[in-house]
Amino acid sequence: MMMNNLQKSAIANFISDPKLKLVKLNEQEYMEGHIAYRSQQNEPEMILKATFKVIEKHQSSQESYSILSIGCGSGLFEKPFLKKLIELNKSIHFVGIDPNKVECVKTEEWCHKLNRFQPDKFTFKIHPIKLEKFESSQSFDIILLIHSFYLFSEIESSFHKIYELLEEEGIVVIVIAIKTELRELLYYVTQRLYQRSILLSDDLYQFFSEHNISVHQEIIESPLNITKCFQKDSQLGKHLLDFIVGANTTYFSPSQLQVLLDYLSSNSQKLEGGEIMIPTSVSLYYFQKQKEEEIKKRN
């Protein structure tokens with residue numbers, strides 16, 4: 001369902017209107033919104049499956065992995081991912097970094113439980129910091145950036161640091177949203193709240209193309225169930241709406257809230273069972289760091 005220019009202009013004007021009070025989500029609100037959002041689609045399972053296909057193809061013979069997750073959050077992806085590796089009898093040293101301290105506490109909690117359950121198979125360290133502040137003498141077999149490129153203001157310096165942290169023949173897995181009607185809201189809200197654009201799949205694709213970086217790309221489509229957003233007293237719906245917009249919708253007037261809901265409704269599909277679904281899609285990019293000798297041979 002493509003958005004026409006008139007609709008795009010209308011939502012841009014709506015978000016930029018000074019009468020619309022935009023208040024940033026605090027760390028707790030962000031975490032609750034993130035959990036609500038992921039609970040209303042099957043994207044996490046699809047990403048997990050695609051990521052394991054990559055590992056099986058390139059690193060299946062390894063018995064142990066050092067794994068860095070940049071923007072690990074509360075571990076909505078990382079927890080099932082690491083559990084699955086341990087079930088496959090792999091040994092894991094996991095490092096997670098994220099500027100959201102509240103989410104890092106949650107990640108530390110389940111990591112402690114995993115460590116107590118499998119002390120010989122799982123060790124970890126969580127750092128509540130941004131990538132640019134992270135220092136490590138260790139390099140990593142797998143680096144995950146699952147919906148975390150939005151944290152970066154630009155690509156090049158972030159990419160160089162990620163590449164330096166990667167072990168030879170190590171793999172980077174990046175999941176990043178494709179710009180759709182749903183993402184349009186966050187795109188304009190981010191511009192107004194933070195005076196910058198969020199990085200999306202097209203930006204990353206352009207960077208890879210311009211720098212002749214060989215990557216694999218897979219498109220994952222997973223509609224989001226936004227039914228709860230239209231239920232006035234639903235706490236889940238409120239968290240979901242806040243996360244979609246990237247701001248606290250408590251401060252929206254009833255008429256402003258209705259404009260937002262009308263926009264979502266006009267870009268959604270109502271199923272026979274009454275569920276209201278809006279299209280969302282992401283790119284999963286991955287690349288493998290070459291051995292030094294292979295690079296020299298090519299040059």
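Refer to the structure printed above.
Residues numbered from 1 in each chain as written. Predicted model: local features only at pLDDT ≥ 70, side-chain atom pairs only at ≥ 80, totals over all residues. Heavy atoms only, no water.

Novice: Explain the sheet that holds strand β9 (residues 276-278) here, please?
Specialist: The strands making up a sheet associate through backbone hydrogen bonding, with each pair oriented either parallel or antiparallel. What the three strands build is an open sheet, ordered β7-β9-β8; its pairing is antiparallel. Every interior strand has two partners, whereas the edge strands, β7 (224-225) and β8 (269-270), have only one. As judged from the two bridges shared by β7 and β9, these two strands associate in the antiparallel manner. Following the sheet pairing, Leu-224 is matched in β9 by Ile-278. (Pairing = 2+ DSSP bridges. Helix = DSSP H or I, 4+ residues; strand = E, 2+ residues; numbered from the N terminus.)

Novice: Sorry if this is basic, but what is going on with a positive patch on the surface here?
Specialist: A contiguous patch of positive charge, built from Lys-79, Lys-83, Lys-106, Lys-113 and Arg-116, is present on the exposed surface. Of all elements in the fold, only α4 (78-87) and α5 (101-117) reach the threshold of two or more residues within the positive patch. As for its position among the elements, Arg-116 is in helix α5. (Patch = residues over 30% accessible without salt bridge, like charges linked within 9 Å, V, L, I, M, F, W, Y side chains within 5 Å. Areas by Shrake-Rupley, 256 points an atom, 1.4 Å probe, with all protein chains shown as cover. Salt bridge = Lys/Arg side-chain N within 4 Å of Asp/Glu carboxyl O. Lys, Arg positive; Asp, Glu negative; His and termini not counted. Charge placed at Lys NZ, Arg CZ, Asp CG, Glu CD.)

Novice: How do you make sense of the packing of aromatic side chains when you look at a structure like this?
Specialist: To describe a pair of aromatic rings, one takes the distance between the centres and the angle between the planes. In this structure the tally under the stated criterion is 16 aromatic pairs. Residues Tyr-37 and Phe-243 carry aromatic rings whose centres are separated by 5.2 Å and whose planes lie at 55° to one another, so their mutual orientation is tilted. One end of the pair, Tyr-37, is in helix α2 (residues 27-39); the other, Phe-243, is in helix α9 (residues 235-245), and 206 residues separate them in sequence. The exposure class assigned to Tyr-37 is buried, which follows from its relative accessible area of 2%. Among the aromatic residues, those joined into a ring-pair cluster are Phe-159, Tyr-163, Phe-207, Phe-208, Tyr-285 and Phe-287. Over the ring of Tyr-194 we find Arg-196; its NZ or CZ atom is 6.0 Å from the centre of that ring. (Phe/Tyr/Trp six-rings, centres within 6.5 Å; stacked < 30°, edge-to-face > 60°. Buried < 20%, exposed > 50% of the residue type's maximum accessible area, 1.4 Å probe, protein only. Lys NZ or Arg CZ within 6 Å of the ring centre and 35° of its normal.)

Novice: Sorry, what's going on with the pattern of salt bridges here?
Specialist: Opposite charge on two side chains permits them to pair, given that their charged atoms come into close proximity. Going through the model one piece at a time under the given rule, you end up with four salt bridges. Linking Glu-135 and Lys-161 is a salt bridge whose minimum nitrogen-to-oxygen distance equals 3.9 Å. With a gap of 26 residues between them, Glu-135 in the loop between β3 (122-127) and β4 (140-146) and Lys-161 in helix α6 (residues 156-165) connect regions that are remote in the sequence. Take Glu-135: its relative accessible area is 66%, and that puts it in the exposed class. You can call Lys-161 buried: its relative accessible area is 18%.

Novice: Could you clarify how one ought to interpret the environment of Arg-38 in this entry?
Specialist: Here Arg-38 is to be found in helix α2. The exposure class of Arg-38 is buried, given its relative accessible area of 11%. As a C-alpha pair, Arg-38 and Pro-119 span 81 residues in sequence and 29 Å in three-dimensional space. Leave out the neighbours within four places in its chain, and Arg-38 touches Glu-43, Pro-44, Leu-76 and His-147. (Contact = heavy atoms within 4.5 Å.)

Novice: Sorry, what's going on with the packing of α2 against α5 here?
Specialist: In a packed pair of helices, the relevant descriptors are the angle between the two axes and the axis-to-axis distance. Contact pair α2 / α5: the axes reach a minimum separation of 7 Å and the direction vectors enclose 60°. Viewed along their axes, α2 and α5 adopt a mutual orientation that is oblique. The residues of α5 that touch α2, namely those facing Glu-27, Gln-28, Tyr-30, Met-31 and His-34, are Lys-101, Val-102, Glu-103 and Lys-106. (Axes fitted to C-alpha atoms, helices over the stretch in contact; angles between N-to-C directions. Parallel < 35°, antiparallel > 145°, perpendicular 65-115°, else oblique.)

Novice: Even after reading the chapter, I still don't get the side chain of Thr-280, so can you show me in this structure?
Specialist: Its place among the elements puts Thr-280 in the loop between β9 and β10 (281-288). One polar contact links Thr-280 to Gln-41, side chain to side chain, over a distance of 3.4 Å. Of note is the side chain of Thr-280, whose polar atom sits 2.3 Å from the backbone oxygen of Ser-222. If we skip the residues at most four places from it in the chain, Thr-280 touches Tyr-37, Gln-41, Leu-182, Ile-220, Glu-221, Ser-222, Pro-223 and Leu-224. (Polar contact = N/O pair within 3.5 Å; in protein donor to acceptor, adjacent residues only side chain to side chain.)

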